[in-house]
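Fold and geometry: a report
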Amino acid sequence: MRITNILAYAILSLTVLGCSGVEIQPADTNRFIAGNYLYYQWRTDALPSDVRSSDPAYAIDPVMRRDVNADLQSKGYVLNPERAQFTVGYILMNGMVQGATSDLASNISPYPRVTPNRQIDQASVDNAIALGGVKETNNIILQFNDKTSNQEIWHVTLTKIVEDANSVDTSRINDNLTQYLKRALKSLPQAPRS
């Protein structure tokens, strides 16, 4: 009985970790690897930290820079504007989706369907209602460009459905963004040896 409980909790934990609610779509890394990049710089200056604004960009910018720098440097890339071979930038934007989440985000379909000889359970009906209709999303596109040609060499898109647009919790933004960026940058290779 004890082993069954431990196994059940382990499976539940893995399931909760897998359903984070953020869809992460990294591009193929072949162009980035082919460039043999080592040095980078940020495409734009950091947003001023002394501005008091309700715009989430001011809360997201320092977290993005801190976490992307930490991840890239742990992989051997060097932040050096004078020798930079590629630039790092990001775009924050709101979007709209037509209720249906992609196959990468969830295995729940919001579309009602008919199953012969079986009643539709209430959970399926509730999911169809909750996931149906137009939903607002927050999107971050992290983009790496070759510095000399200014051509994109890699990007990753993070998309989350907005649950409450009127409530912006900066502590949750910090914790969640750190976790999501770690997953988003996972596909990047180690820096080449110089």
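Residues numbered from 1 in each chain as written. Predicted model: local features only at pLDDT ≥ 70, side-chain atom pairs only at ≥ 80, totals over all residues. Heavy atoms only, no water.

**Describing the pairing of strand β2 (residues 39-42)**
Side-chain alternation along β2 places Tyr39 and Gln41 on one buried face and Tyr40 and Trp42 on a second face that is also buried. Taken together, the two bridges between β2 and strand β3 (residues 78-79) define a ladder with parallel strand orientation. Looking at β3, one finds that tyrosine 40 is bridged to leucine 79. Where the polypeptide runs from β2 across helix α3 (residues 57-74) and back to β3, its parallel neighbour, the crossover connection is right-handed. (Buried < 20%, exposed > 50% of the residue type's maximum accessible area, 1.4 Å probe, protein only. Helix = DSSP H or I, 4+ residues; strand = E, 2+ residues; numbered from the N terminus. Pairing = 2+ DSSP bridges. Right-handed = clockwise from strand over helix to strand, strands pointing away.)

**Focus on the packing of aromatic side chains**
Taken as a whole and assessed by the stated rule, the structure comprises 10 aromatic pairs. Measuring from centroid to centroid gives 5.6 Å for tyrosine 37 and phenylalanine 86, while their planes differ by 70°, and the two rings are edge-to-face. Here tyrosine 37 is found in the loop between α2 (30-34) and β2, whereas its partner phenylalanine 86 is found in strand β4 (residues 86-97), with 49 residues between them in sequence. Just as tyrosine 37 is buried, phenylalanine 86 falls in that class too. Summarising the aromatic geometry, the rings of tryptophan 42 and tyrosine 90 are spaced 6.5 Å apart at their centres and angled 85° between planes, so their arrangement reads as edge-to-face. Remark: tyrosine 90 occurs in strand β4 and tryptophan 42 occurs in strand β2; sequence separation between them is 48 residues. In this structure, tryptophan 42 and tyrosine 90 share a single accessibility class: buried. (Phe/Tyr/Trp six-rings, centres within 6.5 Å; stacked < 30°, edge-to-face > 60°.)

**Things to note about the nonpolar core**
Phe32, Phe86, Val88, Leu142 and Phe144 are the most contacted members of the largest nonpolar core, which totals 31 residues. Of all the secondary structure elements, the ones that give two or more residues to this core are β1 (22-26), β2, α3, β4, β5 (135-146), β6 (152-161) and α5 (170-184). Ranked by the residues each element gives to this core, the list is headed by α3, at five residues. Among all residues touching phenylalanine 32, those that are not within four sequence positions of it are Tyr37, Tyr77, Phe86, Phe144, Ile153, Trp154, Leu188 and Pro189. (Core = buried A, V, L, I, M, F, W, Y, C linked by side-chain atoms within 4.5 Å. Contact = heavy atoms within 4.5 Å.)

**Digging into the side chain of asparagine 145**
By the secondary structure assignment, asparagine 145 is in strand β5. Given a relative accessible area of 3%, asparagine 145 falls into the buried group. Of the polar contacts made by the side chain of asparagine 145, one reaches the side chain of asparagine 150; its length is 3.5 Å. When residues no more than four places from it in sequence are discounted, the contact partners of asparagine 145 are Arg43, Gln85, Phe86, Thr87, Asn150, Gln151, Glu152 and Ile153. (Polar contact = N/O pair within 3.5 Å; in protein donor to acceptor, adjacent residues only side chain to side chain.)

**Considerations on the pattern of salt bridges**
Scanning all chains against the criterion turns up three salt bridges. Among the salt bridges present, the one from aspartate 67 reaches arginine 66, with a minimum N-O distance of 3.0 Å. In this structure arginine 66 comes out as partly exposed when scored by relative accessible area, which is 41%. (Salt bridge = Lys/Arg side-chain N within 4 Å of Asp/Glu carboxyl O.)

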